[in-house]
Amino acid sequence: MAEQVLEVEGLSVDIPVTGGMLHPVQEVSLTVARGETLAIVGESGCGKSLTSLSLMGLLPSRAERRARRLSLLGEELAGKSERAMSDIRGNRMSMIFQEPMTSLNPAYTIGDQLAEPLERHTRLSRREVRERAVEMLERVGITAAASRLGQYPHQLSGGLRQRVMIAMALICNPDLLIADEPTTALDVTIQAQILHLMAELQREFHAGMILITHDLGVVARVADRVAVMYAGQIVETGTAAQIYGAPSHPYTRGLLSCIPIPGRSRPGEHLGAIPGVVPSLIGRMEGCHFADRCALVEPRCRKGDIALRDGSGSGHRYRCVLDPETPATQEAPA
Amino acid sequence: MAVTDPVTGAAEAVLAPSPAARMRGRAFGHAGFVLGAVILIGIFAMALLAPMVAPHDPFDQVLDRKLIPPVWFDSAKATWEHPLGTDQLGRDYLSRLLYGARISLLIGFAAMLISMVIGTAIGVAGGYFGGRVDMVCNFIITTRLSLPVVLVAIAVVSLVGSSLSVVIWVLGLLIWDRFAVVMRAATMQLRGRDFVTAAEAIGCSRARIILSEIMPNVMNSLIVVATVEMAHAILLEAALSFLGLGVQPPEPSWGLMISEAKGLMFFDGWLIAIPGAALFLLVLSINLLGDGLRDVTAPENRS
Amino acid sequence: MSETVLEARGVRRSFSVSGGFMKPRRALHAVRGVDFTIRRGEVVGLVGESGCGKSTLAKLLLGLMPPSEGEILLEGAPISGQDRLETARRIQPIFQDPYSSLNPRKSIGTIIGLPLRVQTDLGGAEIARRVTETMDLVGLPARVVDSYPNQLSGGQRQRVAIARALINRPSIIICDEPTSALDVSVQSQILNLLQDLQREFGLTYLLISHDLSVVEHMASRVAVMYLGRIVEERPTAGLFAEARHPYARALLDSVLTPDPSLGIPDTHLGAAFPNPLEIPAGCSFHPRCPKAMPRCCTVAPDPLRIGDGMVECLLHAPDQHDEPEEETTR
């Protein structure tokens with residue numbers, strides 16, 4: 001078994017808001033091995049972005065993070081000072097954001113921004129830094145790399161900017177890469193190219209990757225393992241084949257029935273739907289978080305904490321008291 | 001940005017309070033807003049009720065009772081008949097202060113209204129129509145910004161003579177620049193929003209779009225600028241009156257009261273301190289109110 | 001049945017944009033000669049990447065800006081000579097972002113009733129009745145009539161936008177990315193609603209989207225746009241079975257169906273960025289085309305009718321029967 005890059009156990013985030021305490025992330029446990037891609041998938045407000053920010057130690061200052069275990073290559077991060085964390089960020093773990101235009105600083109050139117993590121974390125000379133920056137740009141498929149160093153972010157197209165972001169994230173050879181909706185702002189043809197590049201580089205750098213996304217198509221094509229989040233909890237986790245082949249949580253099944261699939265969902269027919277809205281995460285919540293929107297809800301769904309239970313194969317777990325019914329035919333993969 | 005989205009997204013609920021209810025809640029929780037409002041309402045009430053509460057006629061000169069110090073002074077002359085004393089012409093200082101509040105508020109409010117109309121018209125027109133119209137509006141704004149307000153006011157007043165209405169018009173015609181700049185930026189930002197495009201697609205006239213789609217959304221900034229400009233106008237009036245170019249004696253204006261007392265500054269300092277403190281309180285309360293309004297109406301704009 | 005509702009004839013639109021400090025202004029050709037028709041009761045999909053001119057075309061069709069050249073006919077009459085209100089009554093938009101498309105200071109009832117107040121002489125009571133009726137139709141609870149947009153969820157807001165577009169029964173609704181700002185579970189509800197309304201009232205939609213799965217699900221005919229021109233237009237089933245234009249092919253290949261047994265598709269497109277300020281000579285797609293031939297760089301293809309579709313590509317030109325050379329540019 002490959003070395004575990006990241007091990008997280010019982011990660012919770014609390015944020016005081018007007019009206020009480022918001023619990024956007026509750027008891028999240030996950031692991032990422034070298035060379036593995038874990039996708040965290042869910043809709044807006046499910047806590048997937050805050051999970052990734054809390055791993056990086058980038059939560060808003062009023063938020064409080066708790067974890068029984070949060071280790072990067074065996075090194076515990078939970079008690080680390082802000083100073084120690086900033087030595088790790090951008091160096092041993094780095095992040096790619098959704099909108100490269102807002103995450104690149106418009107006032108600095110591409111070259112300056114690529115050099116920053118190197119200057120912060122290594123003792124390379126200026127020439128070596130420059131060489132490394134050019135090498136990285138070429139590696140992410142940017143032509144005329146040397147001349148791009150003097151350009152500003154606004155002079156690049158969206159796809160190129162995202163390539164620069166990827167180069168920045170990988171320039172210090174991190175052990176863990178967290179990508180938060182890396183292709184959501186891009187056109188579909190560019191999306192395919194960027195996903196290709198990320199998969200290729202991940203193999204080459206042998207890093208662990210966490211991919212945060214709402215796009216079930218991207219997850220299916222990229223992820224080795226999947227964690228489905230709903231209302232702050234992981235409701236189902238397993239390999240991509242398990243999640244898509246034998247979805248066991250009613251929410252996962254509902255999500256999969258919602259998306260039109262060329263060649264599989266019949267045009268003109270109704271798509272599946274999940275009625276209702278995401279519950280408020282302010283205050284404590286009893287029972288299954290999905291109970292109010294679930295078609296199969298039973299009285300016992302509303303009592304106590306629902307634990308994860310084993311599913312169809314090894315590593316497949318889901319948070320539901322009901323026995324998995326056979327997935328409806330229209331959702332079954334071909 | 002992606003960092004804050006999950007928080008608000010999770011908190012999204014169907015039964016969120018209406019914008020007005022949320023604003024009320026924030027207003028009463030905002031110390032600056034409440035303090036500013038209380039002081040301003042107090043001054044406003046005193047100005048309004050001046051004929052009833054003033055102990056004396058502000059113009060009555062009683063020369064054998066001049067320069068009585070306020071009651072808290074340890075002096076044989078101090079008397080409760082003149083709580084704030086009298087000036088060098090024996091006029092009751094409290095009465096003059098109360099009547100002076102009327103002048104300050106009247107000038108501040110009227111000049112602010114005039115400048116609001118001019119500035120909003122220029123700003124909204126430039127921001128909404130863009131292109132050539134905006135170029136012209138921008139030119140007008142730039143021209144105005146290059147004029148020194150006090151110098152122009154002094155020149156005009158000394159040319160046409162000074163009176164209450166002249167001061168109001170001069171100030172109103174000079175201080176609309178901030179209205180124009182802020183309204184132009186706010187309108188431009190709204191111009192690109194889809195609800196404006198939707199109104200155009202529905203076939204609404206331009207007047208309707210400006211009045212009923214854009215104006216309600218720029219009201220917040222308009223009110224905030226209005227408070228700032230009102231304070232600005234009051235201070236300018238005081239300055240002009242101090243220079244003898246504003247309100248003319250014997251009208252009681254706070255700026256004029258300071259001016260009249262300047263010869264006695266070292267002997268009877270309270271003559272300057274009292275109208276000065278009143279001016280300070282009024283401007284402070286208006287600014288507190290304006291700052292509060294900005295926070296109350298658009299909390300998302302706070303950094 | 002086959003009556004034409006909306007027709008574009010040789011529509012062009014260019015903008016003059018600043019070339020930078022002290023540089024001459026340049027022309028941005030957003031729409032470069034678009035012809036198409038939409039018949040009553042049809043759902044036509046318009047797909048393409050950002051910057052391809054979709055949104056400009058939508059604005060032209062809505063009559064919000066005049067075309068530089070060409071003509072748009074709404075139910076047979078050119079909209080250029082028409083009264084603004086007459087056009088507005090017959091064609092209505094639904095926008096992408098329901099957070100931006102509803103005035104935050106207006107109540108839901110006021111927003112939905114606006115078209116009736118502007119376009120008709122109906123009294124307040126009748127407008128209120130129609131608002132309630134339309135809200136019911138789009139699945140909005142009657143109690144939200146006095147609420148404000150910030151009190152509703154994204155899906156409910158989009159229902160408000162649909163109700164506003166629908167209330168005065170326009171002939172055609174232009175849906176500009178109606179679900180791309182919404183979550184998956186909400187998207188399916190909105191798509192189901194749009195489909196139900198279409199069936200119940202025989203509505204006509206132009207569905208602009210970058211999501212081909214959505215277009216395949218909703219539309220009976222699809223037009224693919226690239227750098228201001230429609231490069232392929234066909235009934236949906238035919239296009240998805242076998243796209244003729246290499247760009248349409250690449251778009252279809254990029255659709256990520258949720259199937260973990262498949263990898264990430266390789267579109268074989270060059271990384272060149274389609275820039276409407278510098279439209280390549282010849283076929284505008286040739287710098288990215290995996291099948292580009294030497295003459296693609298110089299000869300602009302003409303639209304070509306094949307069966308019930310249209311394609312604009314030299315690979316299908318009648319004088320081009322030999323196999324294309326496998327030449328890839330960058």
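The structure under discussion appears in the preceding block.
Throughout what follows, the structure given in this document is the object of discussion. Values in this document were obtained by computation on a predicted structure and should not be read as measured data.

**What to know about the overall build of chain A**
Within chain A one finds eleven helices and 13 strands. Here chain A has a C-alpha radius of gyration of 21 Å; the compact-globule value for 334 residues is 20 Å, and the two agree. In terms of overall dimensions, chain A has a C-alpha envelope of 65 × 50 × 45 Å along the principal axes.

**Side note on helix α3 (residues 108-119) of chain C**
Those residues of α3(C) not exposed but buried are I108(C), I111(C), I112(C), G113(C), L114(C), P115(C) and L116(C). Buried residues in α3(C) make contact with α10 (194-202) of chain B together with α4 (124-137) and α5 (154-166) of chain C.

**Observations concerning the interface of chain C and chain A**
Taken residue by residue, the interface counts 38 residues in chain C and 42 residues in chain A. Broken down by element, the residue count for the side of chain C that touches chain A peaks at eight residues, all from helix α6 (residues 184-201) of chain C. Residue composition of the side of chain C that touches chain A, grouped by class: 17 nonpolar, 16 polar and five charged.

**Points about the packing of helix α3 (residues 31-48) of chain B against helix α5 (residues 93-129) of chain B**
Residue and element names in this part refer to chain B. Packing of α3 against α5 brings their axes to within 8 Å, and their N-to-C directions diverge by 110°. Overall, the two elements α3 and α5 adopt an arrangement that is roughly perpendicular. By crossing handedness, the relation of α3 to α5 is classed as left-handed. Facing α3, whose interface residues are I43, F44, M46 and A47, α5 presents L98, A101, R102 and L105. Residue composition of the contact of α3 with α5, by class: seven nonpolar, no polar and one charged.

**Brief notes about the environment of I272(B)**
Residue and element names in this part refer to chain B. Mapped onto the fold, I272 is located in helix α13 (residues 270-297). Exposure remark for I272: the 17 C-beta atoms within 10 Å place this residue in the partly exposed category. Put simply, I272 and S259 are 13 residues apart on the chain and 8.2 Å apart in space, counted from C-alpha to C-alpha. Once residues lying within four places of it in the same chain are set aside, the contact partners of I272 are I258, A261, K262 and M265.

**Some details on the nonpolar core**
One finds A167(A), V228(A), L171(B), L206(C), L207(C) and V224(C) to be the most contacted residues of the largest nonpolar core, which totals 260 residues. Looking at this core, the element that brings in the most residues is α5(B), giving 16 residues. Every residue in contact with L206(C), bar those within four places of it in the chain, is listed here: I38(C), V44(C), L46(C), I172(C), I174(C) and C175(C).

**Quick notes on helix α12 (residues 254-261) of chain B**
Since the α-helix turns once every 3.6 residues, residues separated by three or four places project in the same direction. Among the eight residues in α12(B), eight count as buried, and that is most of the element. Where α12(B) is buried, its residues meet α5, α11 (206-242) and α13 of chain B.

**Section: the pairing of strand β7 (residues 172-176) of chain C**
Residue and element names in this part refer to chain C. Burial within β7 is extensive, with five of its five residues counted as buried. Where strand β6 (residues 91-94) and β7 come together, four bridges link them in parallel fashion. The partner of I94 across the bridge, within β7, is C175. A crossover links β7 with its parallel partner strand β8 (residues 204-209), the connecting element being α6, and its sense is right-handed.

**Notes on the packing of helix α8 (residues 188-205) of chain A against helix α9 (residues 246-254) of chain C**
Across the interface, α8(A) lies against α9(C) with an axial gap of 8 Å and an inter-helix angle of 55°. Taken as axis vectors, α8(A) and α9(C) run oblique relative to one another. Crossing of α8(A) against α9(C): the hand is left-handed. Between α8(A) and α9(C), the contacting residues are V188(A), T189(A), Q191(A) and A192(A) on the first element and A250(C), L251(C) and S254(C) on the second. Across the contact of α8(A) with α9(C), the residue classes break down as four nonpolar, three polar and no charged.

**Some remarks on the sheet that holds β6(C)**
All names here are of chain C. What the eight strands build is an open sheet, ordered β6-β7-β8-β3-β9-β10-β12-β11; its pairing is mixed. Looking along the sheet, the strands with just one partner apiece sit at the ends: β6 and β11 (304-306). On average, each strand axis in the sheet is tilted by 25° relative to the strand beside it, whichever way the strands run. The strands that helix α1 (residues 54-61) touches are β3 (43-47), β6, β7, β8 and β9 (221-226); relative to β7, the one it contacts most, it runs at about 155°.

**Focus: unusual backbone geometry**
All names here are of chain A. You will see that E27, though not glycine, has its phi angle at about 50°, which is positive. Mapped onto the elements, E27 comes out in strand β2 (residues 20-33). Of note, H206 is a non-glycine position whose phi angle comes to about 55°, a positive value. Looking at the secondary structure, you find H206 in the loop between α8 and β9 (208-213). What makes H206 partly exposed here is the crowd of 13 C-beta atoms within 10 Å.

**So, the pairing of strand β5 (residues 69-72) of chain A**
Residues and elements named next belong to chain A. Alternating positions in β5 separate cleanly, L70 and L72 being buried on one face and R69 and S71 remaining unburied on the opposite face. Pairing of strand β1 (residues 4-17) with β5, which is carried by four bridges, proceeds in the antiparallel orientation. Paired with E7 across the strands is S71, a residue of β5. The loop that links β5 with its antiparallel partner strand β6 (residues 75-76) comprises two residues; one of these, L73, has a positive phi angle of about 50°.

**Some points on the sheet that holds strand β5 (residues 77-78) of chain C**
All names here are of chain C. Read across the open sheet, the four strands follow the order β2-β1-β4-β5; overall the sheet is antiparallel. Each having just a single partner strand, β2 (26-39) and β5 make up the two edges of the open sheet. Alignment of strand β1 (residues 4-17) against β2, held across eleven bridges, turns out to be antiparallel. Within β2, the residue paired with E7 across the bridge is T37. Along the sheet face, α1 touches β1, β2 and β4 (69-74) and points at about 60° away from the line of β2.

**Some remarks on the environment of I264(C)**
Residues and elements named next belong to chain C. Structurally, the position occupied by I264 is in the loop between α9 and β11. For I264, a count of 20 C-beta atoms within 10 Å puts it in the buried group. For the pair I264 and L73, spaced 191 residues apart in sequence, the C-alpha to C-alpha distance is 43 Å.

Basis of the calculations
Each chain has its residues counted from 1, running along the sequence as written. Naming scheme: in the order in which they are written, chains are lettered from A and ligands are numbered from 1. Selection of residues for local features in this predicted model requires a pLDDT of at least 70, selection of side-chain atom pairs for listing and counting requires 80 or more, and totals for whole chains, interfaces and linings are taken over all residues. What counts as a helix is a DSSP run of H or I of at least four residues, what counts as a strand is a run of E of at least two, and both are numbered from the N terminus. In this setup the radius of gyration rests on C-alpha atoms only. A globule is expected at 2.2 Å times the number of residues raised to 0.38. Here a residue counts as buried when 20 or more other C-beta atoms sit within 10 Å of its C-beta, as exposed when there are 12 or fewer, and as partly exposed otherwise, the C-beta atoms being derived from the backbone. Residues are defined as contacting one another if the C-beta atoms placed from their backbone atoms lie within 7 Å. Here the term charged refers only to Asp, Glu, Lys and Arg, the term nonpolar to Ala, Val, Leu, Ile, Met, Phe, Trp, Tyr, Cys and Pro, and the term polar to all other amino acids, Gly among them. In this description, a line fitted to the C-alpha atoms serves as the axis of each element, helices being fitted only across the stretch in contact, and the angle between N-to-C directions of two axes falls anywhere from 0 to 180 degrees. Relative orientations are named as follows: roughly parallel for angles under 35 degrees, roughly antiparallel for angles over 145 degrees, roughly perpendicular for angles from 65 to 115 degrees, and oblique for any other angle. What makes a crossing left-handed is the near helix being turned counterclockwise from the far one by less than a right angle; a clockwise turn instead makes it right-handed. A set of buried Ala, Val, Leu, Ile, Met, Phe, Trp, Tyr and Cys residues, joined to one another through C-beta atoms within 7 Å, is what we call a nonpolar core. DSSP calls a pair of strands paired once it identifies at least 2 bridges connecting them. A crossover counts as right-handed when, viewed with the strands pointing away from the observer, the path leading from the first strand over the helix to the second turns clockwise.

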